[in-house]
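Secondary and tertiary structure notes
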Amino acid sequence: MNVEERFRFAESEDFMNSQNASKQPLLMTRLSLSDLRHEWVLSLCLIMAVSAVIAPLLLLFGLKYGTIETLRRRLIQDPRNREVRPLTSLSFPREWFDGVAARSDVAFLTPMTRQISATVTAYVISAGKKTERVDVDIIPTGENDPLLIENGSAVPAEGQCVLSAYAAEAMDAQPGDTIEIEATRLKGAKKEKGVVGLTVAGVLDIRAGGLKSIYVPLEMLEQVEAFKDGMGVPELGWKGDLPDAYPVYNGLFIVTKTSLPTYLIKRIVSSTGFTKSKDLTSQEAAELAGYPFPAASVTVQLYTQTRAVSGDSIEQVERLLRGRNATLLPWIRPMEFTLMTDPPTTISRVLALPDAARPWLGEDVEKMGKYDLAISRGMAVPDESTTAVYSNEQCVVRFPVHIRPVTAGDDSVAFMSPEIAGSLILAEQRPVRYDPASEKLLLYRRGFAGFRLYARTLEDVKNLRHDFEELNIPVHTEAEQIQTVMEMDRYLTMIFWLVAVVGIVGSAASLVASLYASVERKKRELSVLRLLGLSGGTLYRFPVIQGATLATGGFAMAMVFFGVIASVINRLFQAHLRPGERFCHLPAGYIIGAWIVTLLIACLAAGAAVTRLARIDPAEALRDE
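The following refers to the structure shown. Along each chain, residue indices are assigned from 1 in the same order as the chain's sequence is written. Residues qualify for local features only when their pLDDT is at least 70, as the model is predicted, and side-chain atom pairs are given and counted only at 80 or more; totals for whole chains, interfaces and linings, by contrast, use all residues. For the side-chain quantities, the full set of heavy atoms in the structure was used; hydrogens and water were omitted.

Adjacent strands of a sheet pair through backbone hydrogen bonds, lying either parallel or antiparallel. A pair of strands counts as paired when DSSP detects no fewer than two bridges linking them. Under the DSSP-based scheme used, a helix requires at least four consecutive residues in state H or I and a strand at least two consecutive residues in state E, with every element numbered from the N terminus. Taking strand neighbours around the barrel as the criterion, the 6 strands line up as β16-β17-β21-β18-β20-β19 in a closed arrangement whose pairing is mixed. With strand direction ignored, the average angle separating the axes of adjacent strands in the sheet is 45°. Judged from the 3 bridges that link them, strand β17 (residues 345-352) and strand β21 (residues 414-416) form a sheet pairing that is parallel. Across the sheet, Ala352 pairs through a bridge with Met416, a residue of β21. An axis is simply a line fitted to the C-alpha atoms; with a helix, the fit covers only the stretch in contact. Between two such axes, the angle follows the N-to-C directions and lies from 0 to 180 degrees.

Looking now at a nonpolar patch on the surface. Only residues whose relative accessible area exceeds 30% and that form no salt bridge are eligible for patches; like-charged ones are grouped when within 9 Å, while nonpolar side chains (Val, Leu, Ile, Met, Phe, Trp, Tyr) are grouped when within 5 Å. Only the protein chains shown count as covering a residue, and every accessible area follows the Shrake-Rupley method with a 1.4 Å probe. A carboxyl oxygen of Asp or Glu within 4 Å of a side-chain nitrogen of Lys or Arg is what we treat as a salt bridge. Taken together, Val560, Val564, Ile565, Val568, Leu572 and Phe573 make up a surface patch of nonpolar side chains, about 540 Å² in accessible area. Take Val560: it is sitting in helix α18 (residues 541-572).

By size, the foremost hydrophobic cluster in this structure holds 48 residues, and its most contacted members are Ile254, Phe337, Leu373, Phe399, Met416, Leu424 and Leu441. Sort the elements by how many residues they give to this core and helix α13 (residues 418-426) lands first, with 5 residues. It only takes one pair of heavy atoms within 4.5 Å for two residues to be counted as in contact. Not counting residues up to four positions away in its chain, the partners in contact with Leu424 are Met335, Phe337, Tyr390, Asn392, Val397, Phe399, Met416 and Leu441. If you look at the next biggest cluster of nonpolar residues, it comprises 39 residues, including Ala500, Val519, Leu550 and Ala558. Grouping buried Ala, Val, Leu, Ile, Met, Phe, Trp, Tyr and Cys residues that are joined through side-chain atoms within 4.5 Å yields what is termed a nonpolar core. Between buried and exposed lies partly exposed: a residue is buried under 20% and exposed over 50% of the maximum accessible area for its type, with that area taken using a 1.4 Å probe on protein chains only.

Turning to its location among the elements, Phe399 is positioned in strand β20 (residues 396-406). Taking the C-alpha atoms as reference points, Phe399 and Ala388, 11 residues apart in sequence, are found 5.5 Å from one another. Apart from residues no more than four positions distant in its own chain, Phe399 is found in contact with Phe337, Tyr371, Thr386, Thr387, Ala388, Tyr390, Met416, Leu424, Tyr434 and Leu441.

We now examine the environment of Leu211. The residue Leu211 is located in the loop between β8 (190-203) and β9 (213-217) in this model. For Leu211, a relative accessible area of 55% corresponds to the exposed category. Along the chain, Leu211 and Ala165 lie 46 residues apart, while their C-alpha atoms are 8.3 Å from each other. If near-sequence neighbours (up to four positions away) are discounted, Leu211 is found in contact with Ser164 and Tyr166.

Aromatic rings from Phe, Tyr and Trp, taking only the six-membered ring of Trp, are treated as a pair when their centres fall within 6.5 Å; an angle between ring planes under 30 degrees marks them as stacked, one over 60 as edge-to-face, and anything in between as tilted. Enumeration according to the criterion identifies 21 aromatic pairs in this entry. An angle of 90° between the planes, with centres 5.7 Å apart, marks the rings of Phe97 and Phe448 as edge-to-face. Placement of Phe97 in helix α5 (residues 94-101) and of Phe448 in strand β24 (residues 447-448) is noted, with a sequence separation of 351 residues between them. Given a relative accessible area of 3%, Phe448 falls into the buried group. An angle of 40° between the planes, with centres 6.3 Å apart, marks the rings of Phe108 and Tyr454 as tilted. Of the two residues, Phe108 sits in strand β3 (residues 106-112) while Tyr454 sits in strand β25 (residues 450-455), which places them 346 residues apart along the sequence. By the ring-pair criterion, three or more aromatic residues cluster together here, those being Phe92, Trp96, Phe97, Phe448, Phe451 and Phe468.

Quick look at the structure:
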């Protein structure tokens, strides 16, 4: 701006009407941009200088981000990298799975049975074809299984399955086909098999695994294992034994007309599983058993202090007492039931009533059924069939009972058959459940031999492996591969910031020199503006606005270079990239952040020019003129 322009501007209507330039924030912006436009050649050189520093930094950051994100994406997209597999078969109780599944770093967990029980033969039978029989592994799955969801398949429902790519190829199976799986076992010299049909709900991507596998709900796998263990599976029509819950007893009453020899009692205690014996009067025996004993009899109680004994122990006692006309009455300590009546009724003293003792109690209990519960009429429980609940630390057993009000017995005592009461006592040692199909109390598995677990993120894999190893559970993970990517990310970030610091310092020095020199060249014009009434605060915006403008121009030019070069790099490596992947890429958030940092550096660089501007005396304009 020469002298004539300065005075023309000072006489302009806009400036004269302002009276106070500080009230027109756009005035200094217009002056700053006009000055840059006036010296456009120098301004262009500065913009190119800034872009020459920013463009390589953007490329370096784009390569670092794109490469690491591509590797991370490939690791994350392959859920096998988040899988934690046990290396040995152990016994994991059901409660253990509940605790681990509740962890925030666990995305999916399902129990697994023994590996030896998880192999079956499968073949396609739909559409009039029957393909070659293929041996496959059956693997349990469930809701939110990442291996299935992230490999193009839905989780199979009951009666459905999902095939691995290799299993589908071997069987020539497609989604919608019906396959049959065949489980076999040897029972004596006879080979037996169980067959069930499943609908193929999906086929996994080939990257999901290199084995021939069928993914089914856990219940299907448990049924196959039970069949191979010799059990029957009524739900699938597979014949076999049922795991009956056998009765156990806490003690035994020996009722005789004469006293037994001491040596015989000691022999019984030492060889039958009972650990203690005690002579009882009829009154004492009645208080323990809940029913009356003959007054003229002699009663000896055998009992255990810890673990209940099975019926074999009673049979041994019976053999030792053969010929002595002894009556044996199994004894079970009192149990507590909750009857699901309306309202629920709690019976705190349920005792076993042996068949031999029923005539001593009364006629109305002589014909009790298997699940009958004899309750004194004084307890006011309705005569109906209902559900009884028995619980202990191992499990909760729900089973049907039929209430039989009786006149005999104490009002606080209920009686049931020793077989059912003994089976419920077994629930303290092994899990027991009631099976409506067979109307029996059955044993079910205590736990599982293994598990399938997927961490929620790659970073969670390391913590899970550490926690399992502390529990002496050796596991296999892809932690080494994950650690390699994380270390590469850390090292590339360090390299980037080292280079970035050098570039930032150089760019800031260039802007400081340019803006300071600009103020030095224009100090006469700036002093005139001060003389015409512009405040110091308004005038200080001059180098700041120019620095921000030059930095923005340099950043925009650098982005053009970055876009072109990044496109060339991604095209060169296109053969090594999957759809959606790029080796050189920066997301919009990073670009905006880089622009803001550039502006901040430019504003800081303008600070030196501001200090020089603050020392300009308005009188210098008069002396120069």
